[in-house]
Amino acid sequence: MRSKIYLRNTGTFLLFGAPSVLAFAAVVLIPFLVGLYLTFTNWDVRTADISFVGLSNYTKVFHDKVFFTQLWFTVKYVFFTVLISNAMAFFIALALTSGVKGEKWLRTGFFTPNLIGGIVLGYLWQTLFSQIMPYIGNKYGWALFKSSWLTDTDTAFWALVIATAWQLVGYLMIIYIAGFSGVPNDVLEAASIDGANGYARLRRIILPLSIPAIVICIFISISRSFLTYDINLALTKGGPFHSTELASYHIVQKAFLSNQYGVGQAEAVVLFAVVALVALTQSYLLKKLEVES
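Our subject in this report is the structure included herewith. Sequence positions are assigned chain by chain, starting from 1 and proceeding in written order. Residue-level local features of this predicted model are given only where pLDDT is at least 70; pairs of side-chain atoms are given and counted only at 80 or more, and the full residue set underlies all totals for whole chains, interfaces and linings. As a rule here, side-chain values come from all non-hydrogen atoms in the structure, and water together with hydrogens is ignored.

Turning next to the overall build of the protein. Runs of E in the DSSP output that reach at least two residues are strands. Runs of H or I that reach at least four are helices, and both are numbered from the N terminus. Scanning the protein from terminus to terminus reveals 13 helices and 0 strands. Only protein chains enter the accessibility calculation, which uses a 1.4 Å probe. A residue is then buried if its area is under 20% of the maximum for its type, exposed if over 50%, and partly exposed in between. A buried classification covers 39% of the 293 residues belonging to the protein. Nonlocal contacts in the protein, meaning residues at least 24 apart in sequence, comprise 68% of its contacts between residues at least 6 apart. Computed by Shrake-Rupley with a 1.4 Å probe, the accessible areas treat only the displayed protein chains as cover when residues are assessed. When the accessible surface of the protein is summed, it comes to about 17,200 Å², and 69% of that surface belongs to carbon and sulfur atoms. We treat Lys and Arg as the positive residues and Asp and Glu as the negative residues; His and chain ends play no part in the count. Positions of charges follow a simple convention, taking NZ of Lys, CZ of Arg, CG of Asp or CD of Glu. One finds the centroid of the 20 positive side-chain charges in the protein at a distance of 5 Å from the centroid of its 14 negative side-chain charges. Any two residues whose heavy atoms approach within 4.5 Å at even a single point are treated as in contact.

As structure tokens, then:
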């Protein structure tokens, strides 16, 4: 009897679970393990020569001041991108769950940028920052928009942040809307009867009950922002003067253009460790806040 149950459960797993496990192994697990192995080699892509070099690639990474400069730049970029995208998505979701007319169409409109590929999105914003905004700035005398944002080291940073946040907002908005739908209406109505204004309901009821959605949104936005490459390539190409090169952009340049695949892969592992540390730390702290509230 037990053997029949075991065989039936095994068959059910193979039918429904095995394809997902195989896909995960083929797309994520095996490439990660192969990449980890390559960090201990000096693989030459052109000649296919490969030899074991131990930890020398990691030694080169930790002596690469350019990489850590760009990693710090990436941390700043992630901080502002996560802050802006989550704040916008939160309040847009709040507005689109308040019964505003045409909210379904508005949700679709805000979600649409998430469907645009990063390369296409980067070129769209490049046209906006380099041609449309300077035209408007010169026509109406707006000093902020008179020259292209992509030609200045400071404004190029904000151009990158704005483009990425604009793409993320719609996706995060959907998650926040799902989180707000779990807030009981009777609790909000009771608070209104007791005299609580909109700010009090937001702070005392909606925010505490939306912590799970906030945790997910921040986790997603952190991980996606740290791994940004396509928008960086299409919008600024790391310029001007290499001032907007994100860590992932630097890794690709190191591995494929400089033919230092082992060092580039080691930098990718370091970046992965940083992303995992930051994402798991914020998840732990916000989960702790959820329990306390």
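So, about the packing of helix α9 (residues 198-209) against helix α10 (residues 211-226). Where helices are involved, their axes are fitted lines through C-alpha atoms of the stretch in contact, as for all axes, and angles between N-to-C directions lie from 0 to 180°. Put simply, α9 and α10 touch, their axes get as near as 5 Å, and they point 60° apart. The orientation of α9 relative to α10 falls into the category oblique. Packed against α9, whose contacting residues are L207, P208 and L209, the element α10 presents I211, P212 and I214 at the interface. For the contact of α9 with α10, the class distribution of residues is 6 nonpolar, no polar and no charged. Each angle gets one of four labels, with under 35 degrees taken as roughly parallel, over 145 as roughly antiparallel, 65 to 115 as roughly perpendicular, and the rest as oblique. Under the convention adopted here, Pro, Cys and the residues Ala, Val, Leu, Ile, Met, Phe, Trp and Tyr are nonpolar, Asp, Glu, Lys and Arg are charged, and Gly plus all remaining residues are polar.

Turning to the packing of helix α7 (residues 153-180) against α10, a few remarks are in order. Their axes nearest at 9 Å, the elements α7 and α10 cross at an angle of 160°. Classified by the angle between their axes, α7 and α10 sit roughly antiparallel to one another. Relative to α10, the crossing made by α7 is right-handed. For the pair α7 and α10, contact is made by Q167, L168, Y171, L172, I175, Y176 and G179 and by A213, I214, I216, C217, I220, S221, R224 and S225, respectively. Each residue belonging to the contact of α7 with α10 can be placed in one class, and the counts come to 10 nonpolar, 4 polar and 1 charged. By definition, any crossing whose near helix is turned counterclockwise from its far helix by less than a right angle is left-handed, and any crossing with a clockwise turn is right-handed.

Nine residue types can take part in a nonpolar core, namely buried Ala, Val, Leu, Ile, Met, Phe, Trp, Tyr and Cys, and a core is a set of them joined through side-chain atoms within 4.5 Å. One finds F129, Y176 and L235 to be the most contacted residues of the largest nonpolar core, which totals 60 residues. Residue contributions to this core peak at 13 residues, all from α7. Non-local contacts of Y176, meaning those with residues more than four positions away in its chain, are made with N86, A89, F90, A93, A213, I214 and C217.

Note that all results are geometric; they support no functional claim without further evidence.
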